[in-house]
Amino acid sequence: MTFQIATGEAFTPKEPIKTGDGSGFAKHGIDHLSASSINLWVNAPDVWVAKYLHGFRGSFGPAPRRGQCVEDAVVATLCGEDMAAAVAKAVAKFDKTFPKGGDSVDKERELIAPMTERAVEALKQYGPPEFEGDGQNKISIDAAFDGWKIPVIGFLDMEYPALGLVIDLKTTTRVPSVMSADHQLQRAIYACAKGNMGVKFLYVSAKKTALLEDGDVMTVLARAKHQIARLERFLAHCDAETALQIVPHNPSSFYWRGDETARYEIFGT
């Protein structure tokens, strides 16, 4: 599916989108984008340049690993496995990544069981999700400009075709009342790709859940188109080293947390 330049009534930019010819992406070997890459470009362009133009791979902390493990346990339980067994496997997977423990690691490990329980309670009414093959279902839409386009891809957590529903699982220590802008973009991409299917995000903490679907899809995608166009123009005008020298850099950004040594090696700060 393609989302075009047209912005809709909810978002009318002051000036039309100024686009290049797509050569900026081709110049740097970038053949697709994702919600996470677009969000990273908007929130931390220095980290984007380090990651996508210079091969920086950030550290993977216990919180995101906990999220993956909870998702594994939830899906396994919804598909018929005993919850206790599914949680035990999830904890073992977590411990394989973080075997030494520590206060922060122990805290995340202890969240796996209650988060799994809360999520299963919220999702069991929908039955088992369906998957294509052995993993998450991949989706792709095209961000189409004048004469060129670039795919924007994503992976669905849980899909219920018979119900016309997609649910993405987000584990968190604080359940929000409104989806963040980053998550609204992710949801909009999924919604565009799935057509008439509803797309909701289930936020899960150790104590409660919230099923949210915020953001007008066309408005969110229109704003993303502006950011994609800006990124393409930026890439068209500089090589990888020049990009590193001119991109705004925030050494205090939380994106660098745990990667201070890499930040110093890349930016000298």
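Look up: the structure comes first, before these words.
Asks: Please explain the overall build of the protein as it appears in this structure.
Replies: Across its full length, the protein carries 10 helices and eight strands. Rg of the C-alpha trace for the protein: 20 Å, near the compact-globule value of 18 Å for 269 residues, within the 12% margin. Buried positions account for 47% of the 269 residues belonging to the protein. In the protein, the share of contacts with a sequence separation of at least 24, taken over all contacts with a separation of at least 6, comes to 72%.

Asks: Before we go on, may I ask you to explain the nonpolar core in this structure?
Replies: Grouped burial of nonpolar side chains is what soluble globular proteins tend to show. Ranked by size, the top nonpolar core spans 52 residues in total, and within it Phe 25, Leu 33, Trp 48 and Ile 228 carry the most contacts. No other element matches the eight residues that helix 8 (residues 217–236) contributes to this core. If near-sequence neighbours (up to four positions away) are discounted, Leu 33 is found in contact with Phe 25, Ile 38, Ile 150, Pro 151, Val 152, Ile 153, Ile 228 and Leu 231. Counting 27 residues, the second largest nonpolar core, distinct from the first, contains Phe 94, Val 105, Met 115 and Val 120.

Asks: Any chance you could explain the packing of aromatic side chains here in plain terms?
Replies: How two aromatic rings sit relative to each other is set out by the distance from centre to centre and by the angle between their planes. Inspection of every chain in the model, using the stated rule, returns 11 aromatic pairs. Seen from their ring centres, Trp 256 and Phe 267 are 5.9 Å apart, and the 75° between their planes marks the pair as edge-to-face. Of the two residues, Trp 256 is situated in the loop between helix 9 (240–246) and helix 10 (260–267) and Phe 267 in helix 10; the sequence distance between them amounts to 11 residues. Accessibility assignment for this pair places Trp 256 and Phe 267 in one class, buried. Cluster of aromatic residues (ring-pair linked, three or more members): Trp 41, Trp 48, Tyr 52 and Phe 234. Between Lys 225 and the ring centre of Phe 145, over which it is positioned, the NZ or CZ distance is 4.7 Å.

Criteria and thresholds
Every chain is numbered independently, its residues counted from 1 as its sequence is written. Per-residue local features of the predicted model are confined to residues with pLDDT of at least 70, and side-chain atom pairs are confined, for both listing and counting, to 80 or more; whole-chain, interface and lining totals are unaffected and use all residues. Heavy atoms throughout the structure, all of them, feed into the side-chain values; hydrogens and water do not. The helix and strand labels rest on DSSP assignments: H or I over at least four residues marks a helix, E over at least two residues marks a strand, and numbering proceeds from the N terminus. Values of the radius of gyration come from C-alpha atoms, whereas the globule rule sets the reference at 2.2 Å times the count of residues to the power 0.38. For each residue, the accessible area found with a 1.4 Å probe, counting protein chains only, is set against the maximum for its type, and the residue is called buried under 20%, exposed over 50%, and partly exposed in between. Contacts: residue pairs with any heavy atoms within 4.5 Å of one another. Put simply, a nonpolar core is a bunch of buried Ala, Val, Leu, Ile, Met, Phe, Trp, Tyr and Cys residues held in one set by side-chain atoms that sit within 4.5 Å of each other. Side-chain rings of Phe, Tyr and Trp (the six-membered ring for Trp) are treated as a pair once their centres are within 6.5 Å; stacked means planes under 30 degrees apart, edge-to-face means over 60, and tilted covers the remaining angles. Comment: the charge-over-ring label is applied if NZ (Lys) or CZ (Arg) is within 6 Å of the ring centre and within 35 degrees of the ring normal.

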